[in-house]
Amino acid sequence: MRSQSHLIAFFLLCATACATAIRNIAYDSPFVDVDHFNGVALHRREHLTLSRRASNDSGAKFNHGVASGDPDSTSVLLWTRVTPSSSSISAVTVQYEVAKVGDLNNAANFSGIVSTGTVDTTAAVDWTVKIIVDSLAPGTVYYYRFKPSGSSTYSPTGRTKTFPASGVPTASARFAFFSCQSYGWGRFNAHRLASNRNLDFTVHLGDYIYEYGGIVAGIYRTVNPNREIISLADYRTRYQQYRADADLAGLHRVAPMIAVWDDHEFANNAYTDGAENHTPSSEGSWATRKAAAARAYYEWLPIRRLVTDTNLKIYRSFTYGALLDLVMLDTRIAGRNAEATSAAQVNNASRTLLGFEQEAWLDGQLKASTAKWRIIGNQVMIMPLLDGSGVGKNYDQWDGFIPARNRLLNTITSNNISNVVFITGDTHVAYAGDVTPTPRNSATYNAATGAGSVAVELVGPSVTSPSGGAGGTTGNNPHIRYIDASKRGYVVVEVTPQKVTGQYWLVSTVVSTSNSESLAKSLVVNDGQPYLRVAA
């Protein structure tokens, strides 16, 4: 009887321990069920790892901080990256904890644990850890941390927050958005300063890393490796450098991030089938490079598993109570045609920026939305930016895909969809204005009153990437209410049922670490009035 009771106790203990071992979704390839690396589908490798169970590595470190992302009303993704104590370590088991009480400045203040468990990681996913924590309460702040199994040394504490449940009246939301953070072109002062602004979440609109090397990569900090990155190992090394930056790590600690890629996560001016900065004859196939870049992005960014096919569908949507729907687009990889080289191509209705599948998905999202506001995360500027003759200045933007833009704006107008706000990155210049397809036609748009505007757009400055000082003029573009090409920074967006306010915060320098910033402009769009005005 004694041996039988011991056996029962053993199996009960095993069942409890196994129940706490959860899935590391970093092993879920962005090409689910399609293997692009080393002959074994990445999502299967996890089972191989778990079957042999990782040894404890009490000396493992968390040199790249912690992060959370893609929250909904009952769950959130948590992220960290382990640095093993020795190159001989083949796998590491990590314990996570989620609590109701915590303090980013006092690790000892951590209590009310609501979820805990263990997860394994290996070099197969560059030692990253990504887990989904569910069964959380809506609209609630939580704190989280990690430690190597068997150790008492914790990672930094992170703060995250679930979204209010769909349809629930919500008084406000406050978030900041960022884009274009070239490590070589300066310090991430914008990240550090924004992290003090009590944000519910953050949005990253792309160019999280840059692929360049040498002088093109910047003159203020040296990138690693100091050459153009092409392979999976290259992209991983570049992410390791970025994520070790204390200011970027600090931003990730304070709030969940919702991120999407632009072109430089792959190569400059990328599109579905190639990129301006990719030469197959010397750099190999675009498909191989794109796969490597996407794999590293998925490992290092706190995003959930991509849609299960080979088309890299990173576009997705989020609901924040009854207040807003956030729709995140992919204007680069999902279906984009190569940049136009002539006016005929610009006006060709068969060309698409989003891909026709994503266009249909976006139409459906807009038509189905019942929130007060529809905020569209968009990489490239949708407002026309015209030269003196009335022609679009930049074919890399929506100006290079005029019929595609008209299709989207027609969906908004023909379905009486109100309160649409585009938030945009890419251009390295701060803009804000009204979205209308014909800004210089006084019969369809009145610049003085905003009549004829379909939506509004807030285009953020870059975090560090230089603008070259070129920003266009309001004389040629009467729909544009604000331009600043001189400084770097970020935008804070405050949303209430009555209005959306965009605050443009510009930092004084990126050459050195600095806490100097200024509120350069504050603009507002009121409920039911699709045009921008300077905030009172």
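Just so it is clear, the model here is predicted, and its values are computed rather than measured. (Residues numbered from 1 in each chain as written. Predicted model: local features only at pLDDT ≥ 70, side-chain atom pairs only at ≥ 80, totals over all residues. Heavy atoms only, no water.)

### Remarks on helix H10 (residues 402-414)
The end-to-end C-alpha distance of H10 is 18 Å, a good match for the 18 Å that 13 residues give at a rise of 1.5 Å each. Residues of H10 that are buried: Pro403, Ala404, Arg405, Leu408, Leu409, Thr411 and Ile412. (Helix = DSSP H or I, 4+ residues; strand = E, 2+ residues; numbered from the N terminus. Expected span 1.5 Å × (residues − 1). Buried < 20%, exposed > 50% of the residue type's maximum accessible area, 1.4 Å probe, protein only.)

### Details of the sheet that holds strand S13 (residues 316-320)
An order of S13-S14-S15-S16-S18-S17-S19 is seen for the seven strands of this open sheet, with the pairing classed as mixed. Unpaired on one side and paired on the other, S13 and strand S19 (480-484) mark the two borders of the sheet. Going from strand to strand, the sheet's axes swing by 15° on average, the running direction of each strand aside. The sheet strands contacting helix H9 (residues 356-368) are S13, strand S14 (324-328) and strand S15 (373-378), and the helix crosses S14 at an angle near 175°. (Pairing = 2+ DSSP bridges. Axes fitted to C-alpha atoms, helices over the stretch in contact; angles between N-to-C directions. Contact = heavy atoms within 4.5 Å.)

### Thoughts on the pattern of salt bridges
All chains considered together, the criterion is met by 25 salt bridges. When the shortest N-O distance is used, the salt bridge between Glu283 and Arg289 registers 3.3 Å. As far as the burial class goes, Glu283 and Arg289 line up, both buried. Put simply, Asp396 and Arg336 hold a salt bridge, and the shortest N to O gap is 2.8 Å. With a gap of 60 residues between them, Asp396 in the loop between S15 and H10 and Arg336 in the loop between S14 and helix H8 (343-346) connect regions that are remote in the sequence. Using a relative accessible area of 3% as the deciding quantity, one classes Arg336 as buried. Members of the salt-bridge network, linked through shared partners, are Asp262, Asp263, Arg332, Arg336, Asp396 and Asp426. (Salt bridge = Lys/Arg side-chain N within 4 Å of Asp/Glu carboxyl O.)

### A look at the packing of aromatic side chains
For the structure on display, the rule yields 18 aromatic pairs. Summarising the aromatic geometry, the rings of Phe163 and Phe201 are spaced 5.1 Å apart at their centres and angled 55° between planes, so their arrangement reads as tilted. Of this pair, Phe163 sits in the loop between strand S7 (158-161) and strand S8 (173-178) while Phe201 sits in strand S9 (residues 201-204), placing them 38 residues apart in sequence. Seen in terms of ring centroids, Trp261 and Tyr297 are 5.2 Å apart; in terms of plane orientation they differ by 65°. Their pairing is edge-to-face. You can see Trp261 sitting in the loop between strand S10 (257-259) and strand S11 (270-271) and its partner Tyr297 sitting in helix H7 (residues 286-300), a full 36 residues away along the chain. An identical accessibility class is assigned to Trp261 and Tyr297; each is buried. (Phe/Tyr/Trp six-rings, centres within 6.5 Å; stacked < 30°, edge-to-face > 60°.)

### Points about the packing of H9 against H10
Two numbers describe how H9 lies on H10: the axes approach to 10 Å, and their chain directions differ by 20°. By the angle between their axes, H9 is roughly parallel relative to H10. In this structure, H9 crosses over H10, and the sense of that crossing is right-handed. Between H9 and H10, the contacting residues are Phe356, Glu359, Leu362, Asp363, Leu366 and Lys367 on the first element and Ala404, Arg407, Leu408, Thr411 and Ile412 on the second. Partitioned by chemical class, the residues of the contact of H9 with H10 number six nonpolar, one polar and four charged. (Parallel < 35°, antiparallel > 145°, perpendicular 65-115°, else oblique. Left-handed = near helix turned anticlockwise from the far one by under 90°. Nonpolar A, V, L, I, M, F, W, Y, C, P; charged D, E, K, R; others polar.)

### A look at the pairing of strand S17 (residues 430-435)
Taken across its six residues, S17 has six buried, putting it largely inside the fold. Of the pairings in the sheet, the one linking S17 to S19 comprises four bridges and is antiparallel in character. Opposite Gly433, over in S19, you have Ile480 as the bridge partner. Pairing geometry for S17 and strand S18 (residues 455-459), over five bridges, is antiparallel. What sits directly across from Asp434, in S18, is Val456.

### Brief notes about the sheet that holds strand S4 (residues 111-121)
Taken together, the four strands give an open sheet; going across it, the order is S4-S3-S6-S7, and neighbouring strands pair in antiparallel fashion. A single partner strand is all that each edge strand has here, and the edge strands are S4 and S7. Geometrically, the sheet is characterised by an average inter-axis angle of 30° between neighbouring strands, direction not taken into account. Pairing analysis gives six bridges linking strand S3 (residues 92-101) to strand S6 (residues 141-148), with the strands arranged antiparallel.

### Some words on H9
Between its first and last C-alpha, H9 extends 18 Å over 13 residues, near the 18 Å set by a 1.5 Å rise per residue. Listed as buried for H9 are Gln358, Glu359, Leu362 and Leu366. Seen along its axis, H9 keeps its buried residues to an arc of 105°; they face one direction. Exposed positions of H9 whose direction lies more than 90 degrees from the buried face are Ala360, Lys367 and Ala368. Along its buried surface, H9 packs onto S14, S15 and H10. (Arc of directions from axis to C-beta.)

### Some points on the packing of helix H4 (residues 232-243) against H7
Packing of H4 against H7 leaves a shortest axis separation of 8 Å and a crossing angle of 30°. It follows that H4 is roughly parallel to H7 by the angle criterion. Remark: the crossing between H4 and H7 carries right-handed chirality. Contacts from Leu232, Tyr235, Arg236, Tyr239, Gln240 and Arg243 of H4 reach H7 at Arg289, Ala292, Ala293, Arg295, Ala296, Tyr297, Glu299 and Trp300. Here the contact of H4 with H7 is composed, by residue class, of eight nonpolar, one polar and five charged.

### Describing the environment of Asn189
As for its position among the elements, Asn189 is in helix H3 (residues 189-194). Asn189 gets classed as buried once you look at its relative accessible area, which sits at 0%. Separated by 58 residues in sequence, Asn189 and Asp247 place their C-alpha atoms 6.9 Å apart. Once residues lying within four places of it in the same chain are set aside, the contact partners of Asn189 are Asp247, Val507, Thr509, Val510, Ser512, Thr513 and Ser514. Side-chain polar atoms of Asn189 contact the backbone oxygen of Ser512, separated by 3.0 Å. (Polar contact = N/O pair within 3.5 Å; in protein donor to acceptor, adjacent residues only side chain to side chain.)

### Topic: unusual backbone geometry
Geometrically, the link from Asn224 to Pro225 is a cis peptide bond, its omega value of -10° lying close to zero. Tracing the chain through its elements places Pro225 in the loop between S9 and H4. Unusually for a residue other than glycine, Asn416 sits at a positive phi of about 50°. As for its placement among the helices and strands, Asn416 is situated in the loop between H10 and strand S16 (420-424).

### Describing the environment of Thr121
With respect to the helices and strands, Thr121 occurs in strand S4. In this structure Thr121 comes out as buried when scored by relative accessible area, which is 0%. In sequence terms Thr121 and Arg23 are 98 residues apart; their C-alpha atoms lie 9.9 Å from each other. When sequence neighbours within four positions are dropped, the list of residues in contact with Thr121 reads Asn24, Tyr27, Val82, Ala91, Val92, Trp127, Thr128 and Val129. Engagement of the side chain of Thr121 in a polar contact is seen with the backbone oxygen of Thr128, the distance being 2.7 Å.

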